[in-house]
Amino acid sequence: MKKAILVVSFGTTYENSLKNSIEALENDIRASFPEYDVFRAFTSSIVIKRLNERGISTDSVSEALEKLASNGYSSVTVQPTHIINGIEFEKMCSVCETFSSRFSHICTGVPLFNSESDMEYVCQFFKNEFGTDSAAAFMGHGTEAAS
C-alpha cells in the first residue's frame, strides 16, 4: 500500500520563508514518518500563480491529490499548516472530500488552533520553552469564516 502525507500550506513567495518554515516542517514530517512519501500543496492560487511566473511549480490541493491518485497512492493523510479553521482550510477540506472515492483511506488533520484548549496548550508551550520574559506573535491574514 502506497502511503502519502500531503502537507498543505497557504504558501509563500518568499524563498527564505519557504525554506525555513514550510520545507523545514516537511523535512521534520519526513523524518518522523519514514513509511510515508511527503508532498506539498498550497491553497493560495495567487501564491501558486506568482511562483509559476518565476518558474517554480507548486501544486494546488486538487492537483496534488490528482497526482497521488494517478500514481497509485491508496492512503493519504492531508496535514494543513494553517493556524485557524479559516476559508483556506475549509476549501482544502472541500477538495479532499471530492477525492474521497479515489483513495481507500484519506483523512485530514486540523489547524494548530482548532479549539480553545489548543490555544492554551500552545501558550503553555511557549511559556515553558521561552520563559515569561519572551513573547511570540502569530501573523495571519484573517478570514471571513465563522472561526
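Structure shown above.
Note that the structure is a prediction, hence the values are computed from the model and not measured. (Residues numbered from 1 in each chain as written. Predicted model: local features only at pLDDT ≥ 70, side-chain atom pairs only at ≥ 80, totals over all residues. Heavy atoms only, no water.)

(A) Seen up close, the nonpolar core. Membership of the largest hydrophobic core comes to 17 residues, with the highest contact counts inside it found for Leu-65 and Val-78. Where this core is concerned, the elements lending two or more residues are β1 (2-9), α3 (61-70), β3 (73-80) and α4 (87-98). Element by element, the count of residues in this core is highest for α3, at five residues. Once residues within four sequence positions are removed from consideration, Val-78 is found in contact with Leu-6, Val-8, Leu-65, Met-92, Cys-96, Ile-106, Cys-107, Thr-108 and Gly-109. Judged by nonpolar contacts, the second largest core, of six residues, contains Leu-18, Ile-22, Phe-42 and Leu-51. (Core = buried A, V, L, I, M, F, W, Y, C linked by side-chain atoms within 4.5 Å. Buried < 20%, exposed > 50% of the residue type's maximum accessible area, 1.4 Å probe, protein only. Helix = DSSP H or I, 4+ residues; strand = E, 2+ residues; numbered from the N terminus. Contact = heavy atoms within 4.5 Å.)

(B) Seen up close, the layout of surface pockets. When its volume is computed, the second largest pocket comes out at roughly 270 Å³. Lining the second largest pocket are Leu-25, Ile-29, Gln-79, Pro-80, Thr-81, His-82, Val-110, Pro-111 and Leu-112. Mapped onto the lining of the second largest pocket, the elements with two or more residues apiece are α1 (15-32) and β3. (1 Å grid on protein atoms, 1.4 Å probe; cavity = no way out; pocket = protein on both sides within 12 Å on 5 of 7 lines; lining within 4 Å. Points joined across faces, edges and corners; volume = space filled by probe spheres on them.)

(C) Here's a closer look at the pairing of β1. For β1, a buried count of six out of eight residues is recorded, marking the element as mostly surrounded by other parts of the structure. As paired strands, β1 and β3 are joined by seven bridges and run parallel to one another. If you follow Ala-4 over to β3, its bridge partner there is Val-76. Of the pairings in the sheet, the one linking β1 to strand β2 (residues 37-42) comprises six bridges and is parallel in character. Bridge pairing in β2 links Leu-6 to Phe-39. Between the parallel elements β1 and β2, the chain passes through α1 in a crossover that is right-handed. (Pairing = 2+ DSSP bridges. Right-handed = clockwise from strand over helix to strand, strands pointing away.)

(D) Highlighting the sheet that holds β1. Spatial ordering of the open sheet is given by β2-β1-β3-β4, a layout of four strands whose pairing is parallel. Edge strands, defined here as strands with exactly one partner in the open sheet, are β2 and β4 (105-108). Shown here is a sheet whose adjacent strand axes are inclined to one another by a mean of 20°, direction ignored. (Axes fitted to C-alpha atoms, helices over the stretch in contact; angles between N-to-C directions.)

(E) Summary view of the state of the cysteines. Applying the stated criterion to the full structure yields zero disulfides. Residue Cys-93 stays outside any disulfide, its sulfur separated by 6.3 Å from that of Cys-96, the closest cysteine. No disulfide involves Cys-107; its sulfur sits 9.3 Å from the nearest other cysteine sulfur, which is in Cys-96. (Disulfide = S-S within 2.5 Å.)

(F) Structural detail: helix α2 (residues 45-53). By the burial criterion, the buried members of α2 are Val-47, Ile-48 and Leu-51. Buried residues along α2 cover an arc of 100° about the axis, so they all sit on one side. Exposed positions of α2 whose direction lies more than 90 degrees from the buried face are Ser-45, Ile-46, Lys-49 and Glu-53. Taken together, the buried residues of α2 touch β2. In the segment just after α2, Gly-55 is the residue with positive phi, at about 85°. (Arc of directions from axis to C-beta.)

(G) Region of interest: the side chain of Thr-43. With respect to the secondary-structure elements, Thr-43 resides in the loop between β2 and α2. A polar contact is formed between the side chain of Thr-43 and the side chain of His-82, at a distance of 3.5 Å. (Polar contact = N/O pair within 3.5 Å; in protein donor to acceptor, adjacent residues only side chain to side chain.)

Coordinates in, geometry out; function isn't part of it.
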